Amino acid sequence: MLDSVIKLTEKITELLQYRNERRARQFKILIEPTYLALKVVHQDYLSIFETARKELASGSPLSTVADLLESRRLEEEAERRAIIEHAKTMRLDKSLADYHSFFDAIIQYFRKTPFSGGSTPSNSFLHSLRDAANSQPLIQTNAPSGRNPRDSLVNATEHSLQMLRKNWEIVSTEYAKVLAASIE
């Protein structure tokens with residue numbers, strides 16, 4: 001009888017160890033690389049929007065700011081799109097339910113940023129800049145607007161920077177939760 005209890009305890013210990021090792025592997029393979037890739041994208045976004053804000057505030061022609069943004073945003077475009085698609089796909093996988101809040105935070109990082117209407121924020125921002133440069137007053141953003149397209153863009157850019165930082169904080173919080181769970 002005692003042997004059976006000892007063997008059962010050993011099996012339970014093995015199962016728990018296997019579960020912990022599986023979580024650690026999933027973290028290393030899925031979560032950490034995604035987080036690190038998004039960190040690079042986040043830093044790039046901050047740089048893009050900060051540069052655009054300064055250029056807009058300095059009075060640079062909108063077409064010049066748009067050209068600058070277009071060349072800058074291409075640097076990480078493939079990575080942004082890959083991260084979004086990766087997060088969407090992983091979010092649908094029921095076996096990864098423990099990580100869904102992390103993937104949701106990544107998806108919302110892109111969706112809850114002004115200018116994100118159906119695309120990446122930098123792409124929508126570029127279109128808004130081009131529209132404003134072509135004297136089209138419609139600037140699509142959910143940020144507070146000013147009296148003219150330039151003021152609207154400056155305000156929206158500042159709001160975007162705030163939202164990017166807030167969204168990054170949410171992603172980082174979810175990452176920390178997943179990290180903590182992976183080392184239990």
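Shown above is the structure to which this text applies.
In what follows, the accompanying structure is described. Given the structure is predicted, the values throughout are model-derived calculations rather than measurements.

About the cut-offs
Residues numbered from 1 in each chain as written. Predicted model: local features only at pLDDT ≥ 70, side-chain atom pairs only at ≥ 80, totals over all residues. Heavy atoms only, no water. Salt bridge = Lys/Arg side-chain N within 4 Å of Asp/Glu carboxyl O. Helix = DSSP H or I, 4+ residues; strand = E, 2+ residues; numbered from the N terminus. Axes fitted to C-alpha atoms, helices over the stretch in contact; angles between N-to-C directions. Parallel < 35°, antiparallel > 145°, perpendicular 65-115°, else oblique. Left-handed = near helix turned anticlockwise from the far one by under 90°. Contact = heavy atoms within 4.5 Å. Nonpolar A, V, L, I, M, F, W, Y, C, P; charged D, E, K, R; others polar. 1 Å grid on protein atoms, 1.4 Å probe; cavity = no way out; pocket = protein on both sides within 12 Å on 5 of 7 lines; lining within 4 Å. Points joined across faces, edges and corners; volume = space filled by probe spheres on them.

A few words on the pattern of salt bridges. Tallying each qualifying case throughout the model produces 11 salt bridges. The residue R130 makes a salt bridge to D67 at a minimum N-O spacing of 2.9 Å. Taken as a pair, R130 in helix α5 (residues 121-133) and D67 in helix α2 (residues 62-73) lie far apart in primary sequence, 63 residues in all. Overlapping salt bridges, with partners in common, bring together D44, R72 and R80 in one network.

Bringing the packing of helix α3 (residues 77-92) against helix α4 (residues 100-111) into the picture now. Packed helix pairs are characterised by how far apart their axes lie and by the angle those axes make with each other. Packing of α3 against α4 brings their axes to within 9 Å, and their N-to-C directions diverge by 140°. Considering the angle they form, α3 stands oblique to α4. For the crossing formed where α3 meets α4, the hand is left-handed. Where α3 approaches α4, its residues R80, I83, I84, H86, A87, K88, M90 and R91 are matched on the opposing element by H100, F103, D104, I106, I107, F110 and R111. When grouped by side-chain class, the residues that make up the contact of α3 with α4 number eight nonpolar, two polar and five charged.

Right, let's get into empty space enclosed by the protein. Taken as a whole and judged by the stated rule, the model has one cavity of 30 Å³ or more. The volume enclosed by the largest cavity comes to roughly 40 Å³. Lining the largest cavity, in full, are I48, T51, A52, V65, L68, L69 and R72. Of all the secondary structure elements, the ones that give two or more residues to the lining of the largest cavity are α1 (2-57) and α2. It is α2 that provides the largest number of residues to the lining of the largest cavity, a total of four residues. Of the residues that constitute the lining of the largest cavity, the class distribution is five nonpolar, one polar and one charged.

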